[in-house]
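Residue-level listing of the chains:
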Amino acid sequence: MKTMEELFHALLQDVYYAEKQLIKALPKMAKEADNDELKQAFTTHLKETEGHVERLEEVFKMIGKPAKGKKCDAILGIIAEGKDVIDDVDDEQVLDAGLIAAGQAAEHYEIARYGTLCAWAKFTGKPQAARLLHETLEEEKHADELLNKIAERAVNRQAA
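S.K.: Report on the overall build of the protein chain, specifying residues and quantitative values.
M.R.: When you go through the protein chain residue by residue, the secondary structure sums to five helices and zero strands. For the protein chain, the α and β elements follow one another from N to C terminus as α-α-α-α-α. The C-alpha atoms of the protein chain give 16 Å as radius of gyration, which agrees with the globular expectation for 160 residues (15 Å, within 12%). Overall, the protein chain is about 50 × 25 × 20 Å in size when its C-alpha atoms are taken along their principal axes. Across the 160 residues that make up the protein chain, the buried fraction comes to 43%. Of the roughly 8400 Å² of accessible surface on the protein chain, a fraction of 52% belongs to carbon and sulfur atoms. Here the protein chain contributes 22 positive and 31 negative side-chain charges, whose respective centroids are spaced 8 Å apart.

S.K.: Talk me through helix H1 (residues 4–32); I want residue IDs and the actual numbers.
M.R.: If you check H1, its first and last C-alpha atoms are 41 Å apart, about what 29 residues at 1.5 Å a residue would give, namely 42 Å. By the largest-angle criterion, lysine 24 marks the main kink of H1, which is about 30°, and a proline, proline 27, follows within four residues.

S.K.: Describe in detail the environment of threonine 43, supporting the description with residues and values.
M.R.: Mapped onto the elements, threonine 43 comes out in helix H2 (residues 36–62). Given a relative accessible area of 31%, threonine 43 falls into the partly exposed group. Here the alpha-carbon distance between threonine 43 and leucine 26, two residues 17 residues apart in the chain, equals 7.1 Å.

S.K.: Summarise the pattern of salt bridges; cite the residues concerned and give the values.
M.R.: Close approach of charged atoms lets side chains of opposite charge pair. The final tally for this structure, using the stated rule, is nine salt bridges. Linking arginine 55 and glutamate 139 is a salt bridge whose minimum nitrogen-to-oxygen distance equals 3.0 Å. Here arginine 55 is found in helix H2, whereas its partner glutamate 139 is found in helix H5 (residues 127–159), with 84 residues between them in sequence. The shortest N-O distance in the salt bridge between lysine 141 and glutamate 138 comes to 3.6 Å. One end of the pair, lysine 141, and the other, glutamate 138, are both in helix H5, three residues apart, so they sit about a helical turn from each other. Judged by relative accessible area, lysine 141 falls into the partly exposed class, the value being 32%. Its relative accessible area of 36% is what places glutamate 138 among the partly exposed residues. Three or more residues are tied together by salt bridges with common partners; here these are Arg55, Arg131, Glu135 and Glu139.

S.K.: Now, about the packing of H1 against helix H3 (residues 73–88): what can you tell me, with residues and values included?
M.R.: Packed helices, taken two at a time, are described by the angle their axes make and the gap between the axes. Contact geometry for H1 and H3: axes closest at 10 Å, N-to-C directions at 10°. When the axes of H1 and H3 are compared, the pair comes out roughly parallel. Along the contact surface, H1 presents Tyr17, Ala18, Gln21, Leu22, Ala25 and Glu32, while H3 presents Ile75, Leu76, Ile79 and Ile86. Considered class by class, the residues forming the contact of H1 with H3 number eight nonpolar, one polar and one charged.

S.K.: Would you mind going over the environment of arginine 113 in detail, with residue names and values included?
M.R.: Inspection of the secondary structure puts arginine 113 in helix H4 (residues 92–123). On a C-alpha basis, the gap between arginine 113 and methionine 62 in space is 19 Å, while along the polypeptide they are 51 residues apart. Excluding residues that lie within four positions of it along the chain, arginine 113 makes contacts with Leu11, Asp14 and Val15.

S.K.: Give a description of a negative patch on the surface that names residues and reports values.
M.R.: On the surface, Asp34, Asp36, Glu81, Asp84, Asp88, Asp90, Asp91 and Glu92 cluster together into a patch of negative charge. The greatest single-element share of the negative patch, amounting to three residues, is contributed by H3. Along the polypeptide, glutamate 92 turns up in helix H4.

Calculation notes
- Residues numbered from 1 in each chain as written.
- Predicted model: local features only at pLDDT ≥ 70, side-chain atom pairs only at ≥ 80, totals over all residues.
- Heavy atoms only, no water.
- Helix = DSSP H or I, 4+ residues; strand = E, 2+ residues; numbered from the N terminus.
- Rg over C-alpha atoms; globule rule 2.2 N^0.38 Å.
- Buried < 20%, exposed > 50% of the residue type's maximum accessible area, 1.4 Å probe, protein only.
- Areas by Shrake-Rupley, 256 points an atom, 1.4 Å probe, with all protein chains shown as cover.
- Lys, Arg positive; Asp, Glu negative; His and termini not counted.
- Charge placed at Lys NZ, Arg CZ, Asp CG, Glu CD.
- Expected span 1.5 Å × (residues − 1).
- Bend = angle between axes of the 7 residues up to and from the residue.
- Salt bridge = Lys/Arg side-chain N within 4 Å of Asp/Glu carboxyl O.
- Axes fitted to C-alpha atoms, helices over the stretch in contact; angles between N-to-C directions.
- Parallel < 35°, antiparallel > 145°, perpendicular 65-115°, else oblique.
- Contact = heavy atoms within 4.5 Å.
- Nonpolar A, V, L, I, M, F, W, Y, C, P; charged D, E, K, R; others polar.
- Patch = residues over 30% accessible without salt bridge, like charges linked within 9 Å, V, L, I, M, F, W, Y side chains within 5 Å.

That is the geometry; function is a separate question.
Pasting the structure below:
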C-alpha cells in the first residue's frame with residue numbers, strides 16, 4: 001500500500017470481515033447467556049450489526065470498490081476466546097460474566113477500527129462516509145456501555 005486511500009480500503013475490508021464474523025457469533029452468545037438482559041443485548045446488537053454491514057456496503061459503493069472482506073485474525077482470536085469461555089465455563093452466572101468480557105473485547109476492537117476509519121474518511125475528503133462510520137461507532141460505544149451496565153448491575157455480583 002502506498003496511499004491513504006489504499007490503507008482506508010484495507011481497513012474497511014478488515015472491519016467488514018469482522019462484522020460478518022460477529023453476525024455468526026452473536027446468536028451463539030445470546031443462546032448461551034443465562035441473564036435475560038444479556039440475551040436481549042446480544043440479540044439487539046445482532047440486528048445493529050446487520051445494519052453496520054449495510055452501512056459498510058454503502059461506504060464501499062462511495063469509494064467505488066466491491067464490498068469484500070479481508071481475513072481479520074484479530075476478530076477471529078476474540079471470537080475464539082469467547083468460544084473457549086462457552087466451552088470451558090460450567091457455571092451459568094460465571095459464563096454470563098465471561099460472555100460480557102468476550103462481547104466487550106469485540107466492541108473495543110470495533111470502536112478502535114471505526115474511530116480510525118472515521119478520522120481517515122474525514123482526512124481524505126469523504127464526509128458522507130465519515131458520517132456513516134460515525135453512526136456505527138456510536139452504536140458500538142453504546143453496546144459496550146450496555147454490556148458494562150449489565151455486568152455492574154447484576155452479572156458480576158451473581159458470578160462472584
